[in-house]
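Below are the chains, spelled out letter by letter.
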Amino acid sequence: MNVENHYIKEVDPRGVVTITLNRPEIHNAFNDQIINDLTREFQSLDSDDSCRMVVLTGAGKSFCAGADLNWMKGMANYSDDENIEDSRRLSGLFETINKCRKPVLAKVNGAALGGGTGLIACCDFVMACKSAKFGFTEVRLGLLPAVISPFVMAKIGESNARAWFLSGERFDATVALQIGLVHQVVPLDDLETSMSRMIEKFLLAGPMAACEAKKLVMNVLKFKNENPSEVTEYTCQTISRIRTSPEGQEGMGALLEKRKPNWVES
Ligand code: COA
């Protein structure tokens, strides 16, 4: 176990890296130091071949209460340039998690509010306990969910963003599931077991294929927005490259030969 200031990093022999936000006394709210450290951590995991996936969770009874309001309030003493620079670093954290090549799973053990909801919007799979609460509470503090909005809106769409961003009302895990922020809801007592089971399912995917599948989703969206006529060419080139790759050949061979592929423990 590696304790990096305000988060704990655990690496298991399968390459599953768990990052636990660890400021339980203030519900894992994040400040500039955590933003910088976590950004660097995710950048390094992105290029670390021994890491197959990342699980993000929180210590104590909450997942993350968003930005540390003491830190945010202190911005009034920053220059305009410092203030903007600081917002860019916050955006950089969300961008880095969102674009991380490896699958990123969130294990939501309690409240995920403001930037905490933003964090889960950047994850590929989100499992929440039934008692978790969510919300874009910023407007109730005279603030806005500005930096997280692109990531959140990609998950919940315009209609839900308008309803929940404008009201700042908190909502439960069932609503989070309905609007696409969360993928599975389980009782708190089952969270560990259910997440372990889900991790095992993710580990059945070829390590390269899982990363490529994420890239596929991102690139198809980008092409559709910027260059729709090239989507088909891109998808055809992608499958041509992947099906002739060593991992693609091994995966198909394993199924045909009724054996496990070489990335699955026998
Ligand atoms: N930043 C800084 N401190 C925070 C915080 C945040 N985002 N969220 C909670 N805290 C602090 C509280 O001020 C309190 O400090 P204290 O012990 O010095 O009084 C401590 O964490 C415990 O919080 P408390 O509200 O007493 O715990 P709770 O279990 O009743 O409620 C929450 C937990 C997370 C539901 C509640 O604290 C909350 O709603 N926080 C605000 C979250 C939010 O709106 N975030 C968006 C920020 S943009």
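Here's what I pulled together on the structure shown here.

Rules of the game
- Residues numbered from 1 in each chain as written.
- Predicted model: local features only at pLDDT ≥ 70, side-chain atom pairs only at ≥ 80, totals over all residues.
- Heavy atoms only, no water.
- Patch = residues over 30% accessible without salt bridge, like charges linked within 9 Å, V, L, I, M, F, W, Y side chains within 5 Å.
- Areas by Shrake-Rupley, 256 points an atom, 1.4 Å probe, with all protein chains shown as cover.
- Salt bridge = Lys/Arg side-chain N within 4 Å of Asp/Glu carboxyl O.
- Helix = DSSP H or I, 4+ residues; strand = E, 2+ residues; numbered from the N terminus.
- Buried < 20%, exposed > 50% of the residue type's maximum accessible area, 1.4 Å probe, protein only.
- Near = heavy atom within 4 Å.
- Polar contact = N/O pair within 3.5 Å; in protein donor to acceptor, adjacent residues only side chain to side chain.
- Nonpolar A, V, L, I, M, F, W, Y, C, P; charged D, E, K, R; others polar.

## Brief notes about a nonpolar patch on the surface
- Together, Leu69, Met72, Leu141 and Leu143 make up an exposed nonpolar region whose accessible area comes to about 320 Å².
- Following the sequence through the fold, leucine 143 ends up in the loop between β9 (133-135) and α5 (149-167).
- The class of leucine 143 is partly exposed, set by a relative accessible area of 33%.

## Quick look at unusual backbone geometry
- For asparagine 28, which is not a glycine, the phi torsion comes out positive at approximately 60°.
- Secondary-structure assignment places asparagine 28 in the loop between β3 (16-21) and α1 (32-46).
- The phi dihedral of lysine 258 falls on the positive side, at around 55°, and the residue is not glycine.
- Within the fold, lysine 258 resides in the segment after α10 (246-256).
- A residue is classified by how much of its surface remains accessible, and lysine 258, at 77% relative accessible area, is exposed.

## Comments concerning the site of the ligand
- Around the ligand sit 14 residues in total, of which Lys61, Ala65, Leu69, Thr137 and Arg170 are the nearest.
- Between leucine 69 and the ligand, the recorded distance is 2.9 Å, taken from a backbone N or O atom to a nitrogen atom.
- A distance of 2.7 Å is found between an oxygen atom of the ligand and a side-chain nitrogen or oxygen belonging to threonine 137.
- When the free accessible area of the ligand is taken as 870 Å², the share hidden by the protein chains comes to 58%.
- Per-class residue counts for the shell around the ligand are 7 nonpolar, 2 polar and 5 charged.

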